[in-house]
Amino acid sequence: MSAPLFSVVVPAYNQHKFINSCLKSLQNQTVTDFEVFVVDDCSTDDTADQIAAFVARDNRFHLVAHAHNRGVSAARNSGMARAHGQYLCFIDGDDWVDTNFLANFQAAYRDHPGSQLVICDHYGYLSVPSKSKVYNQKQLIDNINFGTVGGFAWNKCFIREIITDHQLKFNETIDFLEDQLFAFQYANYVHQAPYIATKTYHYRWRFRSNLAHFGIPFFVARRKMLKLLKQQPTAVPDDDLK
């Protein structure tokens, strides 16, 4: 059996209200050549049961169950370790995507050969309006830091081979800005990255959860993230991170 074009990893923890709408939005993609690994991070509600019922109806979907709660980085790593696709995307279990989410990524890679990353615009959290463009490495890093690209895992389509060749993983010792750290690490291997201005990802703003990350917690987490980043070879100049 040949590998799918896309692998999608969905970390989920206590997503009783949202996991079905998330998975249905993936099931309805116009691109059908994909696999989905839904990682239940030891939910205490019926999230795992909902995922299992969905998996039973569609063999492109797979349940990965953690024996104990390990956090979103570990969940993404568990799904990533099982992926076989040429391209790799992440969707949070309480969000959803438009039917052309994967198709737009596929088109961008086709229209911009030699690209190592594609970014889409999104609805909601820290969306920075901009026109479609193609970033070089420095522009990409600038906009991961603060800008249209952002440090999110879920608005990007990665090339899985780059991740496996360089043994990239989400850092499981931090629970905030872990996706920005991963984005900076991946940027080491990007020379060209198209940004698609079309909004295809819907970020669900959850007031208490998001508010807890503002103010002092953000600056503490950012300082820790930068310290980790400086411990390894990187294309990110110190001046760009101040």
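Below, the structure is looked at part by part.

Here the focus is the environment of A83. Residue position: A83 is located in the loop between helix 3 (72-82) and strand 4 (87-90). Residue class for A83 comes out buried when judged on its relative accessible area of 7%. In this structure the C-alpha to C-alpha distance between A83 and V8, which are 75 residues apart in sequence, comes to 7.9 Å. Contact partners of A83, with chain neighbours within four places excluded, come to S7, E35, F37, L88 and R160.

Right, let's get into the packing of aromatic side chains. The description of two aromatic rings rests on the distance between their centres and on the angle between their planes. Applying the stated criterion to the full structure yields 15 aromatic pairs. On the basis of an interplanar angle of 55 degrees and a centroid distance of 6.0 Å, the ring pair of F101 and Y201 is categorised as tilted. Taken together, the residues F101 in helix 4 (residues 101-111) and Y201 in strand 9 (residues 193-202) connect sequence positions 100 residues apart. A relative accessible area of 0% places F101 in the buried class. Accessibility expressed as a relative area gives 0% for Y201, which makes it buried. Through successive ring pairs, a cluster of aromatic residues spans F101, F105, F152, W154, Y201 and Y203. The residue whose ring lies beneath R76 is F170, and the NZ or CZ to ring-centre distance is 5.2 Å.

Our next topic: the nonpolar core. Core analysis: the largest hydrophobic core is formed by 75 residues, its most contacted members being F6, V10, I91, F101, F105, L140 and Y186. Apart from the residues lying within four places of it in its own chain, the contact partners of F101 are Q29, C89, I91, C120, W154, T200 and Y201.

Time to look at the packing of helix 3 against helix 7 (residues 178-187). A pair of packed helices is captured by two measures, namely the crossing angle of their axes and the spacing between those axes. The interhelical angle for the contact between helix 3 and helix 7, taken along N-to-C directions, is 45 degrees, at an axis separation of 10 Å. Of the possible angle classes, the one that applies to helix 3 and helix 7 is oblique. Counting all contacts with helix 3, which are made through V72, S73, R76 and M80, the residues of helix 7 involved are E178, D179 and F182. Looking at the contact of helix 3 with helix 7 residue by residue, the class counts come to three nonpolar, one polar and three charged.

Rules and cut-offs
Residues numbered from 1 in each chain as written. Predicted model: local features only at pLDDT ≥ 70, side-chain atom pairs only at ≥ 80, totals over all residues. Heavy atoms only, no water. Helix = DSSP H or I, 4+ residues; strand = E, 2+ residues; numbered from the N terminus. Buried < 20%, exposed > 50% of the residue type's maximum accessible area, 1.4 Å probe, protein only. Contact = heavy atoms within 4.5 Å. Phe/Tyr/Trp six-rings, centres within 6.5 Å; stacked < 30°, edge-to-face > 60°. Lys NZ or Arg CZ within 6 Å of the ring centre and 35° of its normal. Core = buried A, V, L, I, M, F, W, Y, C linked by side-chain atoms within 4.5 Å. Axes fitted to C-alpha atoms, helices over the stretch in contact; angles between N-to-C directions. Parallel < 35°, antiparallel > 145°, perpendicular 65-115°, else oblique. Nonpolar A, V, L, I, M, F, W, Y, C, P; charged D, E, K, R; others polar.

Interpretation in functional terms is not warranted from these geometric data alone.
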